[in-house]
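# Understanding the architecture of this molecule
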Amino acid sequence: MNFSIQPQLVNERVALLPLKETDFEELYAVASDPKIWEQHPNKDRWKKEVFQNFFDGAIKSGGAFKIIDQVTGKVMGSTRFYDYDEKDIFIGYTFYGTAYWGMGINLSVKKMMLDYIFQFVSKVQFHIGAENIRSQIAIGRIGAVKIAEEQVTYFGEAPKLNFVYVIDRDLD
């Protein structure tokens, strides 16, 4: 299998499809809920102009996905692979519409991404906002361990404190 930072990944619950510029309005319809961003480093991402910057960074990353509900065909959110090198990669910038919270969707998405990417790297890292308790709990549930704290500069934004988590394939 050849490596792609933006493959099409599908399971019975969700499809991860490469994000395209034409997906903006559909994805913004999900992202425009302020509740999604309450614990994220940039709490204003629900505003269209702020989300536009986030979306532009997603497109430029070359590794972003829109997450589709396999039952309804509706957009559920977005995630991405980023900062790839031969040994490791990051998964992050993930958000879901509140209608999908507490349904095991994040676990399903992350498992599919990890199953794919562990064919090519031995370590996956995650940046989680220091105030994002919901995501810290979620990432711990899939076996990630906190290894550091660092300032992360998001595309077109000021640096924010993030915790760095890791899952090492060779330790599983």
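First things first, this report covers the structure right here in the doc. (Residues numbered from 1 in each chain as written. Predicted model: local features only at pLDDT ≥ 70, side-chain atom pairs only at ≥ 80, totals over all residues. Heavy atoms only, no water.)

### Quick look at the layout of surface pockets
Looking at the largest pocket, its volume works out to about 760 Å³. Of all elements in the fold, only strand S5 (88-96), helix H3 (105-117), strand S6 (123-129) and helix H4 (133-141) reach the threshold of two or more residues within the lining of the largest pocket. Considered class by class, the residues forming the lining of the largest pocket number 19 nonpolar, 12 polar and 4 charged. (1 Å grid on protein atoms, 1.4 Å probe; cavity = no way out; pocket = protein on both sides within 12 Å on 5 of 7 lines; lining within 4 Å. Points joined across faces, edges and corners; volume = space filled by probe spheres on them. Helix = DSSP H or I, 4+ residues; strand = E, 2+ residues; numbered from the N terminus. Nonpolar A, V, L, I, M, F, W, Y, C, P; charged D, E, K, R; others polar.)

### Let's talk about helix H1 (residues 24-31)
Every buried residue of H1 is accounted for by Phe24, Leu27, Tyr28, Val30 and Ala31. Taken end-on, H1 shows its buried residues confined to a sector of 155°, consistent with a single buried face. Where H1 is buried, its residues meet helix H2 (48-61), strand S4 (75-82) and S5. (Buried < 20%, exposed > 50% of the residue type's maximum accessible area, 1.4 Å probe, protein only. Arc of directions from axis to C-beta. Contact = heavy atoms within 4.5 Å.)

### Side note on the pattern of salt bridges
The tally for this structure, following the rule as stated, stands at 8 salt bridges. Note that lysine 66 and glutamate 26 form a salt bridge whose closest N and O atoms lie 3.9 Å from each other. A residue pair is termed long-range when its members are at least 10 positions apart, and lysine 66 in strand S3 (residues 64-69) and glutamate 26 in helix H1 qualify at 40 residues. Across the pair lysine 47 and aspartate 44 runs a salt bridge, and its minimum N-O distance is 3.9 Å. The exposure class of aspartate 44 is partly exposed, given its relative accessible area of 35%. Shared partners join several salt bridges into a network, and the residues in it are Asp23, Glu26 and Lys66. (Salt bridge = Lys/Arg side-chain N within 4 Å of Asp/Glu carboxyl O.)

### Observations concerning the nonpolar core
Counting 30 residues, the largest nonpolar core has Leu16, Val124 and Phe126 as the members making the most contacts within it. Taken together, the elements giving at least two residues each to this core come down to strand S2 (14-18), S3, S4, S5, H3, S6 and strand S8 (159-168). For this core, the element with the highest residue contribution is H3, accounting for 7 residues. With residues near it in sequence (within four places) discarded, leucine 16 still touches Pro7, Gln8, Leu9, Phe65, Lys66, Ile67, Thr79, Val109, Met112 and Met113. Counting 23 residues, the second-largest nonpolar core is a separate cluster that includes Ala31, Phe55, Val75 and Phe95. (Core = buried A, V, L, I, M, F, W, Y, C linked by side-chain atoms within 4.5 Å.)

### Examining unusual backbone geometry
Phi is positive for aspartate 83, close to 55°, though the residue is something other than glycine. Structurally, aspartate 83 can be placed in the loop between S4 and S5. The exposed category is assigned to aspartate 83, whose relative accessible area is 51%. The phi torsion at tyrosine 93 lies on the positive side, around 55°, for a residue other than glycine.

In short, geometric facts, not functional conclusions.
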